Amino acid sequence: MRIGLRETVFSANCFAAAMLALFVSFSLGLERPFWAMATVYITSQPLSGAVRSKAVFRLIGTIVGGSVAVLLVPALVDAPLLLSLALAGWVALCQFVSLLDRTPRSYVFMLAGYTAALIGFPSVTHPEMIFDTAILRVQEIGIGVLSAAIIHAVVWPRSVGQVFGARVRVVLGEAEQWIGDVLAPVPASGTARARRKLAGDITDLHVTATHIPFDTARLRPTRAVLTAMQDRLVLLIPLVSAIEDRWRQLREQTPMEVAAAVASMRDWVSDPALPAEPVLAELHAARTAADTTNWRDLLALNLLARLEELVLALGETRALAAAVAQPGSRPPVSVASVTRPLHRDYGLAALSAFATLLCVLGCCLFWIATGWPEGAVAAMIAAVVCCFFATLDDPVPAQRGFLIWTIASLPLAALYLFAILPAIDGFAMLTLAMAPPLLAMGAVMALPSWYGRMVPMLIGFAGGLALTNRFTVDAASFFNGNVAQVIGIAAAMMTTRLVRSIGAGTAIRRLRRAGWRDLAQLAERPVDTAAGQVTAWRSRMLDRVGLLASRIGEVEDEERDAAAATLRELRVGLSIAQIAPLADQAPLRSALARHFRDLARGDEATPSAELLAQIDEALAAGQAIADPAQRRDAMVNLVGLRRNVFPAANDWQDARAAA
């Protein structure tokens, strides 16, 4: 845990923004200035653009959630059960939509959900004040997000674009190192680990890129450039994996021209200054001269074709990385601003929403049955905690950490509330007294590994103090409020454990089943529409590769191998799309569709011998294509299909030639 200059400045900025938010709230005579102070720490991020994006979406979500609370509470206050169901249903609905959105604006839906709970539940005893409470909440949140955005943008702002550009260079270097190891004449160890690390790093890049539109820098990379670069980077993973498989089969008995082309390719990868044209020309010449009479020749042909694709893909990735580093320049690669379809798990989103609905309703029923005055606190905190961690496979460990660090904040809050704050007179003394804990926690919060621990501690500290314009000390209220908060978190943990938690292995299997269903649909589509849908399909599959990569390190070797197999399935889909225009391959596509339907249903663990025979027949038929270029293209795709679907099968032999 190293706290340097960056962490110190970040903490100072957070503290300055928090005190600014408090000062403005006190000056305006608002009733709950601690809302603004807590908002500063919830919104603050080490990167200035991330602060802005979070601030904008938080404010929009707060306005929407407050509006819903104003509509529901007065209308249903005389029917407690119905009101509880309405607010819990709204929180669950917003959570469901936010889990499906999977873009930065999902924060809007999450905030709209639990803000309605934060405003609505405490207002049931005073429904006539609901509008004033909602307006106050919006004002305090607005002051908090504006204070955070202004301070972090003015005092030593850290540009998202600069960090992203530097990270892109590192990831590109990792990719080039991995490719060099894969193409080495002697098998290199650790290539599987390098592949998993690269996939995880690319996923991190995607998260960072979502904040660039809100960056403080004057010149920023366009969304089209960012999307194109991320697509090229992700596409490298299955492409290089396919090359590794073919090269592993051929390394010991490689035709001379293939070995020379691989060596040239490896030199070009290790030295970006070398031109790509001679390498492409050498690969193309070797592929044109390649024989297609036996299996090893066909593997070499497939390897050369994939190496040509890799030269183009890596060259475009390098050009786009340079365009990201110099945002004002025109990208040398043609890019289109398109919306990428992403993977959506409707079942898991619905399950998460159902768990939240049960949890909030359970807290409300306990509140109604016991008449406990602080029951509203338990219900609203349960809604917040369920929403906070819904994107995780198993939210319970994170919720448990939230509970632990919330409890850890209570002794500090009690010390200030009962011993320090009563002796303070004036805002200057308050600022001086608050500096030690807030500066210390803010510096630790800047460390990524400690962020998830310090946020609940800071929220608990700010909420425990509950600073208002009229300072009062009420031990009973402090105790009851915090007990209710702990009960709400515990209820969220228990409900999530019973209804919602899944392991990384289960998440991987769900992702693979979704991919199998897509592959079956891709194979079943008519010839004239399959090619038009491949772009959307590839986007979802690339997204799944990134989602899988982030989970591979959390599972056993068997499931890790299953996750890595998704890379082969991505290549299968591309091969299916490429053979789709061939009318004589309709039976093969139907067999592939049946196979992936069976996999998605869990009916069949391995592809059937009948499917292998059909692929072999297609290979034999491909040998009869008269045009050499068309024959080579058909054989390249069919060889890739056979290796990806049947990686352990014996070498193919042309039965007709043998006869």
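Residue positions are given per chain, counting from 1 as you read along its sequence in written order. A pLDDT threshold of at least 70 governs which residues receive local features in this predicted model, and a stricter bar of 80 or more applies before side-chain atom pairs are shown or counted, although totals over entire chains, interfaces and linings include all residues. Note that water and hydrogens are dropped before the side-chain values are worked out from all heavy atoms of the structure.

**Concerning the overall build of the chain**
To qualify as a helix, a DSSP run of H or I must reach at least 4 residues; to qualify as a strand, a run of E must reach at least 2; elements of each kind are numbered from the N terminus. When its secondary structure is counted, the chain shows 25 helices and 0 strands. Burial classes follow relative accessibility: with a 1.4 Å probe on protein chains only, a residue under 20% of its type's maximum area counts as buried, one over 50% as exposed, and anything between as partly exposed. Taking all 659 residues of the chain together, 53% fall into the buried category. Contacts in the chain between residues at least 24 apart in sequence constitute 79% of all its contacts with a sequence separation of at least 6. To measure how exposed things are, a 1.4 Å probe is used in the Shrake-Rupley method; for residues, cover is taken only from the protein chains shown. Roughly 28200 Å² of accessible area belongs to the chain as shown, and the carbon and sulfur atoms make up 61% of that amount. Two residues qualify as a contact provided that any one of their heavy atoms is within 4.5 Å of a heavy atom in the partner residue.

**Some points on helix α23 (residues 609-622)**
Multiplying 1.5 Å by the residue count of a helix minus one yields the expected span of that helix. With 14 residues, α23 extends 20 Å between its outermost C-alpha atoms, agreeing within 8% with the 20 Å of an ideal straight helix rising 1.5 Å per residue. Those residues of α23 that sit buried are Leu-611, Leu-612, Gln-614, Ile-615, Asp-616, Ala-618, Leu-619, Ala-620 and Gly-622.

**Considering the side chain of His-343**
Within the secondary structure, His-343 sits in the loop between α12 (295-325) and α13 (346-370). A relative accessible area of 6% means that His-343 is categorised as buried. Side-chain atoms alone can form a polar contact between residues adjacent in sequence; in general such a contact is a pair of N or O atoms within 3.5 Å, and within protein one must be able to donate a hydrogen while the other accepts it. Here the side chain of His-343 touches Arg-544 through a polar contact of 3.0 Å, side chain to side chain. Ignoring sequence-local partners within four residues, the contact set of His-343 consists of Arg-102, Leu-511, Ala-514, Arg-540, Asp-543, Arg-544 and Leu-547.

**Here's the deal with the side chain of Glu-140**
Among the secondary structure elements, Glu-140 is positioned in helix α6 (residues 130-154). Leaving out residues up to four positions away in the same chain, Glu-140 has contacts with Ser-25, Leu-30, Glu-31, Arg-32, Pro-33, Trp-35 and Ala-36.

**Description of the environment of Met-265**
Looking at the secondary structure, you find Met-265 in helix α10 (residues 256-270). For the pair Met-265 and Leu-183, spaced 82 residues apart in sequence, the C-alpha to C-alpha distance is 8.2 Å. Filtering out sequence-adjacent residues up to four positions away, Met-265 remains in contact with Leu-183, Val-279, Leu-283, Leu-307, Leu-310 and Val-311.

**Comments concerning a nonpolar patch on the surface**
Think of a patch as exposed residues, more than 30% relative accessible area, with no salt bridge, where like charges cluster within 9 Å and nonpolar side chains (Val, Leu, Ile, Met, Phe, Trp, Tyr) cluster within 5 Å. When a carboxyl oxygen of Asp or Glu lies within 4 Å of a side-chain nitrogen of Lys or Arg, that pair is called a salt bridge. A contiguous nonpolar patch, built from Leu-5, Leu-146, Ile-150, Val-154, Val-155 and Trp-156 and spanning about 600 Å² of accessible area, is present on the exposed surface. When residues in the nonpolar patch are grouped by element, the largest group, 3 residues, is from α6. With respect to the element layout, Val-154 can be found in helix α6.

**So, the nonpolar core**
Counting 94 residues, the largest nonpolar core has Phe-164, Met-265, Leu-588, Leu-592 and Phe-596 as its most contacted members. The biggest single contributor to this core is α12, with 17 residues. Those residues in contact with Leu-592, other than ones at most four positions away along the chain, are Ala-523, Ile-576, Leu-611, Leu-641 and Val-645. Buried residues of nine kinds, namely Ala, Val, Leu, Ile, Met, Phe, Trp, Tyr and Cys, make up a nonpolar core once their side-chain atoms join them within 4.5 Å.

**Description of the pattern of salt bridges**
Under the criterion given, the structure shown has 17 salt bridges. Linking Asp-245 and Arg-248 is a salt bridge whose minimum nitrogen-to-oxygen distance equals 3.9 Å. Taken together, the residues span about one helical turn, with Asp-245 and Arg-248 both in helix α9 (residues 223-250) at a distance of 3 residues. Exposure remark for Arg-248: the relative accessible area of 48% places this residue in the partly exposed category. One salt bridge connects Arg-642 with Asp-616, and the closest N-O pair in it is separated by 2.7 Å. Residue Arg-642 is located in helix α24 (residues 628-645), and its partner Asp-616 is located in helix α23; the two are separated by 26 residues in the primary sequence. Judged by its relative accessible area of 4%, Arg-642 falls in the buried class.

**Section: the state of the cysteines**
Criterion for a disulfide: a pair of cysteine sulfur atoms at a distance within 2.5 Å. Counted according to the given criterion, the structure contains 0 disulfides. Here Cys-94 stays free of any disulfide, with the sulfur of Cys-387 as its closest cysteine sulfur at 8.0 Å. In this structure Cys-94 comes out as buried when scored by relative accessible area, which is 6%. Note on Cys-363: no disulfide assigned, nearest cysteine sulfur contributed by Cys-359 at a separation of 4.6 Å.

**Focus: the packing of aromatic side chains**
In this analysis, rings of Phe, Tyr and Trp, with Trp reduced to its six-membered ring, are considered paired at centre separations within 6.5 Å, and the interplanar angle assigns stacked below 30 degrees, edge-to-face beyond 60, and tilted for intermediate values. A full pass over the atoms with the stated rule returns 12 aromatic pairs. Grouped by ring-pair contacts, the aromatic residues Tyr-114, Phe-388, Phe-389 and Phe-402 constitute a single cluster. When the NZ atom of lysine or the CZ atom of arginine is within 6 Å of a ring's centre and also within 35 degrees of its normal, the charge is said to sit over that ring. The lysine or arginine in question, Arg-137, covers the ring of Trp-35, its NZ or CZ lying 4.8 Å from the ring centre. Taking the ring centre of Trp-268 as reference, the NZ or CZ of Arg-318 above it sits at 4.5 Å.

**Things to note about the packing of helix α2 (residues 33-43) against helix α17 (residues 448-465)**
In this analysis an axis means a line fitted to C-alpha atoms, helices contributing only their contacting stretch, and an angle means the value between N-to-C directions, from 0 to 180 degrees. Contact pair α2 / α17: the axes reach a minimum separation of 9 Å and the direction vectors enclose 175°. One way to sum up the angle between α2 and α17 is to call them roughly antiparallel. Where α2 approaches α17, its residues Phe-34, Met-37, Ala-38, Tyr-41 and Ile-42 are matched on the opposing element by Tyr-451, Leu-458, Ile-459, Ala-462 and Gly-463. Across the contact of α2 with α17, the residue classes tally to 9 nonpolar, 1 polar and no charged. Should an angle fall under 35 degrees it is called roughly parallel, over 145 degrees roughly antiparallel, and 65 to 115 degrees roughly perpendicular, with every other angle called oblique. Lys, Arg, Asp and Glu make up the charged group, whereas Ala, Val, Leu, Ile, Met, Phe, Trp, Tyr, Cys and Pro make up the nonpolar group; the residues left over, Gly among them, are polar.

**Some thoughts on unusual backbone geometry**
The phi dihedral of Ala-466 falls on the positive side, at around 50°, and the residue is not glycine. Relative to the helices and strands, Ala-466 resides in the loop between α17 and α18 (475-500). We classify Ala-466 as partly exposed; its relative accessible area is 31%.

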